[in-house]
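# Coordinates in review
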Amino acid sequence: MCPFYYVKIEPMSRNLYPRDYVDSTYSIDFKKLYEQGYRGVIFDVDNTLVPHNAPADDRAIAFFKELNDIGFQALLLSNNKEPRVKKFKEAVTYCSYIYKAGKPGKAGYEKAMDQMGTDASNTIFVGDQILTDIWGANRAGIRSVMVKPVLKWHEEIQIIFKRFLEAIILLGYRVYTIYGKEINKVPVK
Ligand SMILES: [Mg+2]
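Description of the structure in this document. The structure presented is a predicted model; accordingly, all values stated were derived computationally and were not measured.

### Quick word on the coordination of the magnesium ion
- The protein atoms that coordinate the magnesium ion are Asp-44 (OD), Asp-46 (O) and Asp-128 (OD), at distances spanning 2.1 to 2.2 Å.
- Mapped onto the sequence, the donors of the magnesium ion take the spacing D-x1-D-x81-D. We note that Asp-44, like Asp-46, is buried.

### Topic: helix H7 (residues 157–178)
- In a regular helix each residue adds 1.5 Å, so 22 residues correspond to 32 Å; H7 covers 32 Å between its end C-alpha atoms and thus fits that length.
- Looking at H7, one finds that the buried residues are Ile-159, Ile-160, Arg-163, Glu-166, Ile-169, Leu-170 and Tyr-173.

### A look at the sheet that holds strand E6 (residues 143–147)
- Read from one edge of the open sheet, 6 strands run E1-E6-E5-E2-E3-E4, paired in parallel fashion. Looking at strand neighbours, the two that pair on one side only are strand E1 (20–22) and strand E4 (96–98), the edges of this open sheet. Taken over all neighbouring pairs, the strand axes of this sheet differ in orientation by 25 degrees on average, direction set aside.
- By the bridge criterion, 4 bridges tie strand E2 (residues 40–43) to strand E3 (residues 73–77) in an arrangement that is parallel. Across the sheet, Ile-42 pairs through a bridge with Leu-75, a residue of E3.

### Quick word on the packing of helix H6 (residues 130–139) against H7
- Viewed as axis vectors pointing N to C, H6 and H7 meet at an angle of 50 degrees, and their least axial separation amounts to 10 Å. One element, H6, and the other, H7, form an angle in the oblique class. Residue-level contacts link Ile-130, Leu-131 and Thr-132 of H6 to Lys-162, Leu-165, Glu-166, Ile-169 and Leu-170 of H7.

What counts, and where the lines are drawn
Residues numbered from 1 in each chain as written. Predicted model: local features only at pLDDT ≥ 70, side-chain atom pairs only at ≥ 80, totals over all residues. Heavy atoms only, no water. Donors = N, O, S within 2.8 Å, 3.2 Å for Na, K, Ca; no water. Buried < 20%, exposed > 50% of the residue type's maximum accessible area, 1.4 Å probe, protein only. Helix = DSSP H or I, 4+ residues; strand = E, 2+ residues; numbered from the N terminus. Expected span 1.5 Å × (residues − 1). Pairing = 2+ DSSP bridges. Axes fitted to C-alpha atoms, helices over the stretch in contact; angles between N-to-C directions. Parallel < 35°, antiparallel > 145°, perpendicular 65-115°, else oblique. Contact = heavy atoms within 4.5 Å.

Shape is all these values report; function is a separate question.
Here you go:
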């Protein structure tokens, strides 16, 4: 008997689809999510909160204050280097951070939840890239929210290349949502 007969092949594409796809981090209704029982939010930084490598602006600073007022724990999970992430954290105050997070690996997400004292059932992830942010959050079993990049065409060339792959995946995602199928396996409150 062929041993591969027993290997259950998971369709990888479903792990690449975000649970939610919205225009902007700043358009998400966090009060409602808190009422639904979510307590921690993990954020990608570049192009999720501000343009790539841009400093924290007034909107981001006010946003983290508001999240803290609602009662959320927040954490920045970035593949970028420490000086970039630390400086951003210091500007917005109400969060912790993990740099060189190794997304889409699961370890960074798990460490993030440990630090916040939350788990996969009450944590949300917000990011702009499928092949790092969303894939990793789905693998960690966290509700994944994809946002459109703050500033799309001012990115490094390898990110622009990934955007083409993302466009293909998002096409599949749209077909999936049109037909009303379960988007990914992460349970939603
Ligand atoms: Mg990003």
